[in-house]
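# Secondary and tertiary structure notes
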Amino acid sequence: MNQISENIKQRLSLRKPLQDALDILTHLAGELELNKEVDLPTELKKVQWLYPTCTDFEREFVSICYSIATGVGKTRLMGACIAWLYLEKGVKNFFVLAPNLTIYNKLIEDFGNSSYSKYVFNGIADFVHNKPVIITGDNYNQVSSLFNDTEIRINIFNVSKFARETKPVKEGGRNLAPRIKRLSEYLGQSYWDYLTNLKDLVILMDEAHRYHAKISKGAINELKPILGIELTATPIDEEGNQFRNVVYEYSLAQALTDGLYVKNPTIATRKDFNPQGRSEEEIEKIKLEDAISIHEDTKQELKLFALNTGKKLVKPFILVVCRETIHAKAVYDLVTSVDFYEGAFAEKVLQIDSTTKNEDLIEQQFISLEQDDNEIEIVIHVNMLKEGWDVTNLYTIVPLRAANASVLVEQTIGRGLRLPFGGERTGNEKVDKLTIVAHDNFDRVIAAAQDPNSILNKLKFVEIDAAQLSERVEVVTVPNTITENIRKEQDIVNKLQTGPQKQKQQNTIDAKRILVNVIPFFNTNSQVKKVDDLMKPEVKQQVMQAVQKELSTGQVNLFAAEIAQEAGDIYETLVADFKKNIIQIPRMDLVQGEVTASIDDFELDGQGFSFDQLNEEIVRIGLKDKSYDIIEVKSGVNYGSPIKLLISELINYSEIDYDANADLLHKLAKQAVDNLQNNLSEGEDIKTVVFQWRRFIAGKMYSQMMEHFRLHEPDYIKPNVKSFTKIEDWSGTALKNEGRKDYRDDSFPAAQVPKFVFLGFEKSCHFEYKFESRTEQTLTYILENDKEVLKWLRPAPNQFRIYWLHNSKLYEPDFVAETADCIYLIETKAANAVDLSEIQAKAQAALKYCKYATEYTAEHGGKPWKYVLIPHDQVTKTSSFRGVVSPNIVFKKP
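In this text the structure is predicted, and so the values were computed from the model without any measurement. (Residues numbered from 1 in each chain as written. Predicted model: local features only at pLDDT ≥ 70, side-chain atom pairs only at ≥ 80, totals over all residues. Heavy atoms only, no water.)

### So, the pattern of salt bridges
- Going through the model one piece at a time under the given rule, you end up with 42 salt bridges.
- Residue K848 is joined to D715 by a salt bridge in which the shortest nitrogen-to-oxygen separation is 3.4 Å. Note that K848 is positioned in helix α25 (residues 837-859) and D715 in the loop between β21 (709-712) and β22 (730-735), a separation of 133 residues in sequence.
- Put simply, R882 and E788 hold a salt bridge, and the shortest N to O gap is 1.8 Å. Residue R882 is located in helix α26 (residues 881-885), and its partner E788 is located in the loop between α24 (774-785) and β26 (791-793); the two are separated by 94 residues in the primary sequence.
- Sharing partners across several salt bridges, the network here consists of E281, K285, E649 and R694. (Salt bridge = Lys/Arg side-chain N within 4 Å of Asp/Glu carboxyl O. Helix = DSSP H or I, 4+ residues; strand = E, 2+ residues; numbered from the N terminus.)

See below:
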């Protein structure tokens, strides 16, 4: 037993899951090196032996992840980890990353304000007289006392601020080094250099799922910490992959099963409610009314609880989740109007999204939501509350136009699970209950909650995949051939002994590198219509000026003058090499114009326009305890003109434009209302019936309108064509062990082709490629060995900007091949797929590219472009390039 960790558990009143997590840190810290320079595979084996769920650190340093449900106390665990690492291991430097501004400000308060009720170090005696110094993304360049050996230093950065501070910037037309990497007058070095040179830096990542993108990983890796501690409730990255460095998990399902630290989520709907035939807006208004009824019931129960127990009075509020800002504004206008409960909530609604003004006032109101004098009872927000909204008095959630049942269950409830009374359940059913109003998704949510794969029942997020453990992969990035050749030259120079000869060769390499970086930007120069134009003396002069500017930007190279001179000396040779190693691909953004549509005039068929008026009650069922109760609805909405209601619903359909079809819409809506009026039963109100069934009525009208709908396909807009573009690097995955094969090797099953990276190419613009099929691999054999092909390329996804399907998708050609008299854009496809509409749509986009590319090259002395669509059964190793290309050139639209 570690006495320091036991004291921390007691002093910080850590809950059992957090105690277990801290024990893991104490255990691992006794096994790990905790140094900047370590053997990562060895360290990984140590962790994996103890915690098999950790199969990869996923970073360039030792990094472990705690997967802990929302509301259990991740911030307090961070404080405990910092306290233990300082008291036990003497670690004094910490770097805390926050995913957004809300959490950033909250963490500064949590770690830095000792008078704050949620101060994480309350009870740690050592931190009373040696209070941690908080360094933030806003004041790091002003802190002057960084080198006091007795200080505990906690750096807190918002990830967006961190990303900005680590990127180069432009000021006054000059490229400057990233702000955090500039010289500090207080330090005598940049703050970045200071951080990266610390021998005991530990990084803590709050909401760690936000930092698994490639760019974030790169910046974080540069910090070179001795340890990373990641915390998240959802250990899944942006691409849907589970974290592989989880050492401990306390899931929402486990928290709900334990029934100790989070509210009990329940789902509510109106009794006998049937969403069929109802419009979205109608369902939304019903859900809002029902939310008010539930809210008032909860508010009364909390008052009774406070009176009966002597505990503080908790003021509940409702969260209304909208999909976009226009929708949020419409909801705000409704609930603040006199038509909604006679204006009872007019001054009690807070709208938070990108369009709201008075941000300071809104932030103040939000922060004080838990306070008695805050009158806000309804918060309207776009999508979901961001991480960091850790209020405890959210009791009712109304997801409007929710995506699907699983999203509703797994994401929405996380915002309202925190408990107000010491973070633990009280035993009072309604005080411990979170209600989600989900009439339109009720049955699906119940089903999702019972699904073994649902977050409510899935006890473990992390699963060990035996196949993945035995077949490890790594990400590889392959530069173009000219960049790779420079890298190889650098490797040779690195082996030379220090001296004048080594420096001269280094200057040559630096000159080549800077020229290769600068030259592609001259594809927009009015004097450069093809690569040969780079040889013009006036163009060379401009390139040299760009080289001088690049050398004078950021940290100045001591040999800048020699490098600039060398760049001028080797310029012509470098340009010739540049031309030799690229295919001159005209750069253009090929986009389609807008689709136009029209609806022919017609008379509405009134059959089936008969609907009964609905009764209004609410029923609530507990997700875990199956509790059941009913609340009567208090109606308070004026439904307005039935004709306008139907038109408003119809114009929600993307195909229907009000301005273009106003007369037709009014005519059809009046005909629909007349038919409904004729079919009403005694006592029924036409406004109520239309409001209740508006979506279904509009749907029937929409179906008839679509029978008269005409779509007019657009053509491609003539692009602005640039002379050439650089050959982009490409990235992919490769098996770590024996993951590369010669392109001529076909001794393994065709299904395994996508697993490997292939090499051995001599004509290509990269030295390595991946392929999706045996056909693609075989075609490269033809491209490499047929004398007619001068050079070829398998383009990176961002090499071309050819859009199709109304600009919703980007076309990525399989290959580009150049011969003496032509350049070919090549696609290979299964023989039975060539005529599919999707393939033909891509072909038309490619044909347009070839047309505009050829027009440009014809004007400036280049080669024509042709598009080739090759069926897979025509590609064999014995085929000639001409033999597979000539029969499959696509000339025009079929």
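### Brief notes about the pairing of strand β7 (residues 201-206)
- Burial runs high along β7: six of the six residues are buried.
- The side-chain alternation of β7 yields two buried faces, one formed by L201, I203 and M205 and the other by V202, L204 and D206.
- Pairing analysis gives five bridges linking strand β2 (residues 93-98) to β7, with the strands arranged parallel. Opposite V96, over in β7, you have L204 as the bridge partner.
- With helix α9 (residues 214-222) bridging β7 and its parallel neighbour strand β8 (residues 227-232), the resulting β-α-β unit is right-handed. (Buried < 20%, exposed > 50% of the residue type's maximum accessible area, 1.4 Å probe, protein only. Pairing = 2+ DSSP bridges. Right-handed = clockwise from strand over helix to strand, strands pointing away.)

### Concerning the state of the cysteines
- Under the definition given, this model contains zero disulfides.
- For C822, which is in no disulfide, the shortest distance to another cysteine sulfur is to C850 and amounts to 8.3 Å.
- The buried category is assigned to C822, whose relative accessible area is 3%.
- Overall, C850 belongs to the buried group, its relative accessible area being 3%. (Disulfide = S-S within 2.5 Å.)

### Digging into the pairing of β2
- Among the six residues that make up β2, six are buried, leaving the element largely enclosed by the rest of the structure.
- Of the two faces of β2, the one holding N93, F95 and L97 and the one holding F94, V96 and A98 are both buried throughout.
- Bridge count for β2 against strand β4 (residues 153-158) is six bridges, and the pairing is parallel. Note that in β4 the partner of A98 across the bridge is N158.

### Things to note about the sheet that holds strand β24 (residues 757-759)
- Taken in spatial order, the three strands of this open sheet run β23-β24-β25, and their pairing is mixed. The open sheet has two free edges, formed respectively by β23 (740-742) and β25 (768-770), since each of these has just one partner strand. For this sheet, the mean inter-axis angle between neighbouring strands, taken without regard to orientation, is 35 degrees.
- Relative to β24, β23 runs parallel, the two sharing three bridges. Bridge pairing links R740 to V757 in β24. (Axes fitted to C-alpha atoms, helices over the stretch in contact; angles between N-to-C directions.)

### Overview of the sheet that holds β2
- Across the sheet, which stays open at both edges, the seven strands sit in the order β3-β4-β2-β7-β8-β1-β9 with parallel pairing between neighbours. Only two strands of the sheet have a single partner each, and these edge strands are β3 (133-136) and β9 (246-250). Averaged over all adjacent pairs, the angle separating strand axes in this sheet is 20 degrees, with direction ignored.
- Packing against the sheet, helix α2 (residues 16-29) makes contact with β1 (63-68), β8 and β9, and its axis sits at approximately 170 degrees to β9.
- Strand contacts of helix α5 (residues 101-112): β2, β3, β4 and β7, with the helix running at about 165 degrees to β4, the strand carrying the most contacts. (Contact = heavy atoms within 4.5 Å.)

### Let's talk about unusual backbone geometry
- Positioned with a positive phi, E207 is a non-glycine residue whose angle comes to about 55 degrees.
- The exposure class assigned to E207 is buried, which follows from its relative accessible area of 10%.
- Positive phi, close to 55 degrees, is recorded for H806, a residue that is not glycine.
- Structurally, H806 can be placed in the loop between β27 (801-804) and β28 (809-811).
- On the basis of relative accessible area, H806 is assigned to the partly exposed category, the value being 40%.

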